[in-house]
Amino acid sequence: MIVGSPKEIFKGEARVAMTPESAKQIQKLGYTCIIETDAGLSSNFSDKDYRDVGVKIVKNSVQLWNDADIILKVRGPEKSEVSKIQTNQHIISFIWPGQNKSLLDSLSKKKVTVQAMDMIPRISRAQKMDALSSMANIAGYRAIIEAGNQFGRFFTGQITAAGKVPPAKILVIGAGVAGLAAIGTAQSMGAIVRAFDVRPEVAEQIESMGAEFLMLDFASDGSGEGGYAKPASKEFIEKEMELFRKQAPEIDIVVTTALIPGMPAPKLWPKEMVDLMKPGSVIVDLAAEQGGNCELTVPNKMIETKNKVKIIGYTDLPSRMATQSSTLYSTNIRHMIDDLTPEKNGVPFTNMDDDVIRGATVVHKGEITYPPPKPKVAAIAKHVEKAIQKTPEEIEKEKIKAEKASGRTQIILLIIGAILTWFIGLYAPSEFMQHFIVFILSCFVGYQVIWNVSHSLHTPLMAVTNAISSIIIIGALLQMKTDNDIVSILALVSVFIATINIVGGFMVTKRMLAMFQRS
């Protein structure tokens, strides 16, 4: 089958859904790839780049829509493109089905199958296809670049002959993928970074990146399903505004990223906060496309308020880094096609029993399948989470019970071992019994030592067993002088096995030390 990618016709869209590298991987799955001429030019991919990897260049979009069985796009089909769609075609792109019911209806009439890259479930197995996270990562990074372009001072503090320059203070509201990318970028540029999120569990992520987490003194939190936030209560919002009111006069740059799927962006930075900010401050509103977190944001524009605060409401931040965005997005799509082609035979199979594919499929053979059911993985996780919710007293009782059971088991094993040793001692010579008892005690002590070591320490423990292995080799060499052939063979085997252990121990140690060496 043929996979095709037309040139994006949305105004200002510079990304492309198929890069030369992703085309190579798609062809390995058994597909033939075609692309409209100059489709990748805005992302710095020429027609020659595509030809070099075996992609056929078609002259216009009409030919591409006619020839391709699977269409890869960034933006959902525009009205002019819907008329070009062929019956039973397969379309993969951003769709936003919750906001585009009319588009869903149009696509269903064409009897097509559609995977929406914005509907990939937030589960571990689907991370490789998570295009929303890929684009949010770029948007967060670009937000700091745009802020720096409009900010009239250094980000980092400096002490120069001309005087001392204080570092910029940046507040990031919302610590999702975009927020964390903004935090990391601002931190690397030397700014003082503070961050706020209604989900207290993200505090560790924020602090691990060197930023200060602004904790809200409130009993409940705003954690919702799928890693997103949920709508906040009136009391929570009042506390939130009180916190922002204290921060606004100090902050130089504000980056807002708060969005709740399927809902308008919450207004977190009202006009009051803008008025409190210093002249020359900058606000970058990443939620501008959904109405903006700042009350004064104008989508797709940068404005300046009366008190000289610049508010950036660009909605095309990923497209402003088209090469990087196209590379990541096309990789996400390539992984989706990989999952859709389990036989690697160039024929897609929409497995509606697969959580990831079912979640992303919004139209299947002309039937609207949006919204999808909740992933089975999430249901299982919730059931397990409920099962493990126990009080500290219950946990302590279970721990004591497990220790008692373990103690009883060890006592029983010791009694059985003593009886067996006594029985062997009735018939074995005294010299054998001396060595045999030392052997049994060694095994018992070794078992107790190793068993109580944490799993995370097993690898370094291998390295220190070299000393024990050396003793084994010395003992085995001494035993090889005996006239008994069986003893000599066993000694030789012992030397061989202990040598393997020593070599392996040194290799593990070398690899561990390399982890801490600077390149």
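Above this text is the structure in question.
First, a word on scope: everything that follows refers to the structure included in this document. If you're wondering where the values come from, they're calculated on a predicted model, not measured in any experiment.

## As for the sheet that holds strand 14 (residues 302-304)
No. 1: If you trace the seven strands from one edge of the open sheet to the other, you get 11-10-9-12-13-15-14, paired in mixed fashion. Two strands in the sheet have a free side with no partner beyond their single neighbour: strand 11 (212-213) and strand 14.
No. 2: Relative to strand 15 (residues 310-312), strand 14 is paired through three bridges, and the arrangement is antiparallel. Counted as the bridge partner of Ile-303 is Ile-311 from strand 15.

## Concerning the pairing of strand 16 (residues 361-364)
No. 1: Pairing of strand 6 (residues 113-116) with strand 16, which is carried by two bridges, proceeds in the antiparallel orientation. If you follow Gln-115 over to strand 16, its bridge partner there is Thr-361.
No. 2: Here strand 16 runs beside strand 17 (residues 367-368); their pairing, made up of two bridges, is antiparallel. Each residue of the ladder has a partner; that of His-364, found in strand 17, is Glu-367.
No. 3: The antiparallel pairing of strand 16 with strand 17 creates a hairpin that spans two residues between the two strands, and Lys-365 there sits at a positive phi of about 55°.

## Points about the pattern of salt bridges
No. 1: Considering all chains together, one arrives at 23 salt bridges under this definition.
No. 2: Note that Glu-13 and Arg-15 form a salt bridge whose closest N and O atoms lie 2.8 Å from each other.
No. 3: Salt-bridge contacts for Arg-245 lead to Glu-272; the nearest nitrogen and oxygen are separated by 2.5 Å. One end of the pair, Arg-245, is in helix 9 (residues 234-247); the other, Glu-272, is in helix 10 (residues 271-276), and 27 residues separate them in sequence.

## So, a nonpolar patch on the surface
No. 1: Taken together, Trp-422, Phe-423, Ile-424, Leu-426, Tyr-427 and Phe-432 make up a surface patch of nonpolar side chains, about 710 Å² in accessible area.
No. 2: In this structure, Trp-422 sits in helix 14 (residues 392-425).
No. 3: Since its relative accessible area comes to 57%, Trp-422 is described here as exposed.

## Quick look at the pairing of strand 13 (residues 282-285)
No. 1: Residue alternation in strand 13 divides its side chains into two sets, Val-282 and Val-284 and Ile-283 and Asp-285, and both sets are buried.
No. 2: Both strand 12 (residues 253-256) and strand 13 contribute to a ladder of four bridges, which runs parallel. What sits directly across from Ile-253, in strand 13, is Val-282.
No. 3: Of the pairings in the sheet, the one linking strand 13 to strand 15 comprises three bridges and is parallel in character. Residue pairing in the sheet places Ile-283 in a bridge with Ile-311 of strand 15.

Thresholds applied
Residues numbered from 1 in each chain as written. Predicted model: local features only at pLDDT ≥ 70, side-chain atom pairs only at ≥ 80, totals over all residues. Heavy atoms only, no water. Pairing = 2+ DSSP bridges. Helix = DSSP H or I, 4+ residues; strand = E, 2+ residues; numbered from the N terminus. Salt bridge = Lys/Arg side-chain N within 4 Å of Asp/Glu carboxyl O. Patch = residues over 30% accessible without salt bridge, like charges linked within 9 Å, V, L, I, M, F, W, Y side chains within 5 Å. Areas by Shrake-Rupley, 256 points an atom, 1.4 Å probe, with all protein chains shown as cover. Buried < 20%, exposed > 50% of the residue type's maximum accessible area, 1.4 Å probe, protein only.

Any link to function would need more than the numbers given here.
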